[in-house]
Amino acid sequence: MRFWPLLNRTTKRNHPKKPVIHSLTITRFFFSKYTEEPEPKEFIDYLDSLKNYEKLGVPKDAGTDSDDGLDLGRMRRLMDRLGNPQSKFKAVHVAGTKGKGSTAAFLSNILRAEGYSVGCYTSSPHMMSIRERISLGQSGNPVSTKTLNKLFHMIKPKLDEAIQLENGSLTHFEVLTATALTLMAEEKVDIAVIEAGLGGARDATNILCSSELAASVITTIGEEHLAALGGSLESIAVAKSGIIKHGRPVVLGGPFLPHVDCILRDKASVMCSPVVSASDAGIRTSIKGLVILDGRPCQLSDIMIQVERDFPLFIELSDVKLRMLGRHQLHNASTAACVALCLRDQGCRISDKSIRAGLENTFLLGRSQFLSSKEAEVLGLPGATILLDGAHTKDSAKALVDTVRMAFPDARVALVVAMASDKDHLAFAKEFFSGLQLEAVFLTEADIAGAKSRTTPASLLRDYWIQASEELGIDTLHDGTEKNRDSLEENKIILVTEKSPDVAMRAANETLGRRAGNHSSVIVVTGSLHIVSSLLASLQSA
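Residue positions are counted from 1 within each chain, in the order its sequence is given. With pLDDT at 70 or above as the cut-off, local features in this predicted model cover only qualifying residues; side-chain atom pairs require 80 or more to be listed or tallied, and sums for whole chains, interfaces and linings still use all residues. Only heavy atoms go into the side-chain values, all of them from the structure, while hydrogens and water stay out.

The name given to the protein in an unreviewed UniProt entry is Mur ligase central domain-containing protein, and the organism recorded there is Salix udensis.

Now the structure itself:
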């Protein structure tokens with residue numbers, strides 16, 4: 001039986017065409033969506049009064065399906081108190097170590113392009129406003145402060161009761177998730193795309209039942225949040241497989257190591273869930289090159305999907321203009337296309353044209369984002385090429401290295417890096433040392449979720465990068481050595497600590513001006529979405 005009666009009853013909504021962005025820079029266009037209205041201060045203050053693991057760090061084994069895992073029961077009790085709003089719409093649940101936010105964005109835009117009212121909830125750190133984490137309707141804009149405030153005041157008595165009954169144990173993420181799902185029910189969205197936070201099995205978003213679930217998506221499995229998710233790739237895979245529900249299809253991004261793939265497929269088999277793999281031999285993708293669109297680089301890509309088992313899926317898209325750069329983003333795009341085709345196979349109306357339009361319309365701040373020449377000037381760095389990317393794991397560092405090499409194969413690179421304390425700093429550093437022609441690395445600091453408790457001191461970051469260079473046999477000059485950043489005669493990479501991202505950016509630009517010579521050069525800001533956010537905030541306030 002088809003499980004799309006809601007969407008089959010829903011008539012396609014008519015909306016005015018989106019404005020074409022030409023003279024305004026993309027970044028300022030996106031900023032305008034966040035700064036046209038005041039922030040929902042009362043709601044933010046309410047959330048800030050609750051335990052926030054994004055600020056504090058996640059406890060050991062919190063994401064495992066064990067006695068030490070987060071209590072999903074209290075989330076179920078909260079949703080029951082709110083009338084179980086998650087039961088009022090179909091949803092796609094997206095989990096994964098990397099790529100889940102981008103895949104959710106691609107899929108949401110595909111559905112919007114078809115004319116559906118879409119709710120999208122993301123757990124990824126926001127750039128400018130917490131409202132970015134919730135979008136409603138067909139526009140894709142962040143939820144308005146007015147809408148959020150109205151809903152908050154309506155449900156606040158029930159939230160207060162729940163917090164009291166749970167002895168204050170409800171968290172920032174649980175209340176934000178409950179608010180987002182209630183907003184989607186109030187808005188009567190046709191379908192929701194929900195990004196999991198930590199793991200899957202014990203995540204607050206995993207209150208979705210099989211009757212509400214259109215599909216599950218697991219993008220990648222990597223070694224992030226190891227302590228919180230059981231200490232191994234296998235335990236991480238088990239945690240993320242917890243979003244697979246009985247009889248509902250699951251789309252796997254991958255590619256996964258064979259034993260990890262077996263864990264996911266075994267869980268799907270137990271749950272009688274058909275599987276589609278975006279890494280299937282019948283799925284072929286390629287990047288044909290970079291082109292400039294509205295003053296920004298985008299990659300010209302081909303996507304060919306032809307799958308026979310479980311679901312007969314087929315689409316062939318040539319010359320797709322992706323504004324999300326890199327082979328990893330092309331894979332995220334093809335994963336989202338696989339999900340869309342699964343939904344279409346189950347009765348959801350989605351055309352090939354809408355899949356193309358959704359993929360081409362997707363852009364996220366801080367993901368392989370090149371600043372325009374005007375934006376570089378605003379930052380006081382005229383003529384500089386600047387790339388912002390929130391990579392913070394070994395795998396995402398490798399993807400970023402590949403993107404830089406694709407866009408600038410011979411470029412000399414200066415990195416500006418700030419990271420959270422719970423990351424694998426050594427593995428992260430080694431990817432850049434091994435993959436790029438580095439001139440300098442500037443280690444700095446940025447608040448994590450508005451606090452310093454999880455920020456890695458710049459001096460400690462420098463020590464990690466020194467260790468990484470020594471283990472790889474790479475000569476460097478660094479703070480404390482006789483030679484410093486002004487050295488031109490030695491072909492050594494400079495490692496320097498700076499007190500702030502802004503100062504580090506200026507120093508990176510000056511260093512490239514002295515050392516790059518006639519070679520092209522690029523400043524890459526990375527290590528955390530939070531350092532990217534701080535620089536975008538500087539750009540907005542300038």
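Let's pick the thread back up.
S.K.: With reference to specific residues and values, describe the overall build of the protein.
M.R.: If you tally the helices and strands in the protein, you get 18 helices and 17 strands. Computation of the radius of gyration draws on C-alpha atoms, with the globule rule given as 2.2 Å multiplied by the number of residues to the power 0.38. Over its C-alpha atoms the protein spans a radius of gyration of 23 Å, differing by no more than 12% from the 24 Å that the globule rule assigns to 542 residues. The dimensions of the protein, computed from C-alpha atoms along their principal axes, are 70 × 55 × 50 Å. When each of the 542 residues of the protein is scored for burial, the buried share is 58%. In this description, contact between two residues means that some pair of their heavy atoms is separated by no more than 4.5 Å. Summarising the internal contacts of the protein: among those between residues at least 6 apart in sequence, 76% fall at separations of at least 24. Where accessible areas are quoted, they stem from the Shrake-Rupley method and a 1.4 Å probe; at the residue level, only the protein chains shown are allowed to cover. Taken as a whole, the protein presents about 21,900 Å² of accessible surface, with 50% of it coming from carbon and sulfur. When charges are tallied, Lys and Arg are placed among the positive residues and Asp and Glu among the negative ones, while His and the ends of the chain are skipped. Positions of charges follow a simple convention, taking NZ of Lys, CZ of Arg, CG of Asp or CD of Glu. Looking at the protein, you have 63 positive and 64 negative side-chain charges, and the mean spots of the two groups are 6 Å apart. What counts as a helix is a DSSP run of H or I of at least four residues, what counts as a strand is a run of E of at least two, and both are numbered from the N terminus. Relative accessibility decides the category of a residue: with a 1.4 Å probe and only protein chains considered, values under 20% of the type maximum give buried, values over 50% give exposed, and everything between is partly exposed.

S.K.: Requested: an account of the UniProt feature "domain: Mur ligase central" (unreviewed entry) in the protein, with residues and values cited.
M.R.: UniProt positions are given in the numbering used here, feature names are shortened, and annotations may be inferred rather than shown by experiment. When the UniProt feature table is mapped onto this chain, "domain: Mur ligase central" (unreviewed entry) is found at residues 94-340. End C-alpha to end C-alpha, residues 94-340 measures 13 Å, and it is 35% helix and 23% strand.

S.K.: Would you mind going over the pairing of strand β14 (residues 438-443) in detail, with residue names and values included?
M.R.: Strand residues, when the strand is regular, have side chains that alternate between the two faces of the sheet. The buried fraction of β14 amounts to six of the six residues, a majority that puts the element mostly inside the structure. Throughout, right-handed denotes a crossover for which the path from the first strand over the helix to the second runs clockwise when the strands point away from the viewer. Crossover connection from strand β13 (residues 412-417) via helix α15 (residues 425-435) to parallel β14: handedness right-handed. What makes two strands pair is DSSP finding at least two bridges between them. Pairing analysis gives four bridges linking β14 to strand β16 (residues 493-497), with the strands arranged parallel. Opposite V441, over in β16, you have L495 as the bridge partner.

S.K.: Give a description of the confidence of the model for the protein that names residues and reports values.
M.R.: Residue-level confidence of the predictor is summarised by pLDDT, bounded by 0 at the bottom and 100 at the top. Taken as a whole, the protein shows an average pLDDT of 90; of its residues, 91% reach a score of 70 or greater. The low-confidence segment residues 1-6 (pLDDT under 50) makes 20 contacts with residues lying over four places distant or belonging to another chain. Low confidence marks residues 8-26, where pLDDT is under 50. Its contacts with residues over four positions away, or in another chain, come to 23 contacts.

S.K.: Hey, could you go over the side chain of S124 for me, with residue numbers and the actual values?
M.R.: Turning to its location among the elements, S124 is positioned in the loop between β2 (118-121) and β3 (134-135). Looking at S124, the relative accessible area reads 15%, which means it is buried. Contacts of S124, omitting those with residues within four sequence positions, involve G101, R133, E195 and R367.

S.K.: Outline the nonpolar core, supporting the account with residue identities and numerical values.
M.R.: Only buried residues count toward a nonpolar core, which is a set of Ala, Val, Leu, Ile, Met, Phe, Trp, Tyr and Cys residues joined through side-chain atoms within 4.5 Å. Judged by nonpolar contacts, the single largest core of 45 residues is most densely connected at V92, L111, I305, L343, I350, I355 and L359. Ranked by residue count, the leading element in this core is helix α11 (residues 327-345), at ten residues. Among residues more than four places away in sequence, those in contact with I305 are G282, I283, L313, F314, I315, S334, A337, C338 and L341.

S.K.: Please provide a residue-by-residue account of the sheet that holds strand β5 (residues 213-218), values included.
M.R.: One open sheet holds the seven strands; their spatial order is β3-β2-β4-β1-β5-β6-β7, and the pairing between them is mixed. The sheet is open, and its two edges are formed by β3 and β7 (275-277), each paired on a single side. A fitted line through C-alpha atoms serves as each axis, taken over the contacting stretch for helices, and the angle formed by two N-to-C directions is quoted from 0 to 180°. Running at roughly 170 degrees to strand β4 (residues 191-195), helix α6 (residues 100-113) makes contact with β1 (90-95), β2, β3, β4 and β5 of the sheet. Contacts from helix α8 (residues 172-187) reach β2, β3 and β4, with the element oriented near 175 degrees to β2.

S.K.: Mind laying out helix α14 (residues 394-407), listing which residues take part and the relevant values?
M.R.: One fewer than the residue count of a helix, multiplied by 1.5 Å, yields its expected span. Relative to the 20 Å expected for 14 residues at 1.5 Å per residue, α14 spans 20 Å between its end C-alpha atoms, a close match to the ideal helical length. Taken as a whole, α14 has its buried residues at S396, A397, A399, L400, V401, T403 and V404. For α14, the elements touching its buried residues are α11, β12 (386-388), β13, α15 and β17 (521-526).

S.K.: Would you mind going over the sheet that holds strand β10 (residues 313-322) in detail, with residue names and values included?
M.R.: Taken together, three strands build an open sheet; the order of strands is β8-β9-β10 and the sheet is antiparallel. Looking along the sheet, the strands with just one partner apiece sit at the ends: β8 (283-293) and β10. Averaged over all pairs of adjacent strands, the angle between strand axes in this sheet comes to 15 degrees, irrespective of strand direction. Bridging between β8 and strand β9 (residues 296-307) involves ten bridges; their strand directions are antiparallel. Bridge pairing links L290 to Q299 in β9. Packing against the sheet, helix α12 (residues 352-360) makes contact with β9 and β10, and its axis sits at approximately 35 degrees to β10.

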